[in-house]
Amino acid sequence: MTAIAADDLVAVRTSVTDPLVEPLLADLAREYRARYSDVLTENDLRGEMAQYPPEQFLAPGGVLLVLVEERAGRRAVVAGGAFRRRTEPEAGDAARARPGARREDGTPAVATAELKRIWTHPEHRRRGLARRVLAELERDAWAVGYPRIYLTTGPRQPEAAALYRRAGYTPLFDVEHPPTEGPLAFEKWR
């Protein structure tokens with residue numbers, strides 16, 4: 001576990017099995033349930049939350065970090081996120097992807113970090129914490145040597161899509177007519 005302090009927040013790089021990560025995963029499940037309950041069954045939700053083996057988020061190919069707020073002797077996880085090496089076919093319009101980003105079968109043609117599970121505790125939103133998590137993850141991915149970062153968000157998460165666009169991610173979908181089902185894919189190159 002590594003930590004980097006700034007103000008009253010500490011960025012802790014850890015593993016999915018660390019008890020510090022439990023609030024992030026539990027609240028993400030609640031958030032997905034609230035936003036997608038009409039299209040995701042409980043089994044779908046459990047499958048989504050368990051889709052990636054924990055070792056995919058370990059160095060050197062991955063990272064999981066949480067922002068921990070330390071005040072008055074109390075520690076609380078306020079935000080977090082992760083990345084892993086992307087190996088599966090990608091979502092998004094292939095015509096919108098940067099040339100050479102994908103093979104014909106849709107798999108990444110270059111080493112690609114995929115951002116996952118970016119989250120901010122509901123009581124701590126609107127403080128720039130998701131942007132900070134995003135910046136930390138980008139810094140780590142570039143340092144590992146990934147030239148490209150890929151991510152998806154859901155169509156019912158407009159604040160996430162707006163964050164990624166403000167942070168310089170290129171939408172791999174028609175922004176004038178975004179899909180109402182399925183993931184919204186983005187990419188960013190170093």
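Predicted model only: the values in this text are computed from it and were never measured.

Caption draft 1: View of the packing of aromatic side chains. Counting across every chain of the model gives five aromatic pairs. A ring pair is formed by Y164 and F186, whose centres lie 5.8 Å apart and whose planes are at 65 degrees; its orientation type is edge-to-face. Placement of the pair is Y164 in helix α4 (residues 158-166) and F186 in strand β8 (residues 184-189), with a sequence separation of 22 residues. For the ring pair F173 and F186, a centre distance of 5.3 Å and an interplane angle of 85 degrees mean the geometry is edge-to-face. Note that F173 is positioned in the loop between β7 (170-171) and β8 and F186 in strand β8, a separation of 13 residues in sequence. Summarising the burial analysis for this pair, F173 and F186 share the class buried. Through a chain of ring-to-ring contacts, the aromatic side chains of Y164, Y169, F173 and F186 assemble into a single cluster. Over the aromatic face of W189 sits the side chain of R98, whose NZ or CZ is 4.3 Å from the ring centroid.

Caption draft 2: The pairing of strand β5 (residues 112-120), seen in detail. With respect to burial, β5 is a largely interior element, nine of its nine residues being buried. In the sheet, β5 pairs with strand β6 (residues 148-153) via three bridges, with the strands oriented parallel. For T112, the partnering residue across the bridge sits in β6 and is R148. Handedness of the crossover is the feature at issue here: the chain leaves β5, passes through helix α3 (residues 129-144), returns alongside β6, and the resulting connection is right-handed.

Caption draft 3: A look at the nonpolar core. Counting 29 residues, the largest nonpolar core has L67, L115, Y164 and Y169 as the members making the most contacts within it. Counting only elements with at least two residues in this core, the list comes to β2 (9-14), β3 (63-71), β4 (74-85), β5, α3, β6, α4 and β8. Counting residues per element, this core draws most heavily on α3, which supplies six residues. Not counting the four nearest positions on each side in its chain, L115 is found in contact with A82, F83, L134, L137, I149, Y150, L151 and Y169.

Conventions and cut-offs
Residues numbered from 1 in each chain as written. Predicted model: local features only at pLDDT ≥ 70, side-chain atom pairs only at ≥ 80, totals over all residues. Heavy atoms only, no water. Phe/Tyr/Trp six-rings, centres within 6.5 Å; stacked < 30°, edge-to-face > 60°. Helix = DSSP H or I, 4+ residues; strand = E, 2+ residues; numbered from the N terminus. Buried < 20%, exposed > 50% of the residue type's maximum accessible area, 1.4 Å probe, protein only. Lys NZ or Arg CZ within 6 Å of the ring centre and 35° of its normal. Pairing = 2+ DSSP bridges. Right-handed = clockwise from strand over helix to strand, strands pointing away. Core = buried A, V, L, I, M, F, W, Y, C linked by side-chain atoms within 4.5 Å. Contact = heavy atoms within 4.5 Å.

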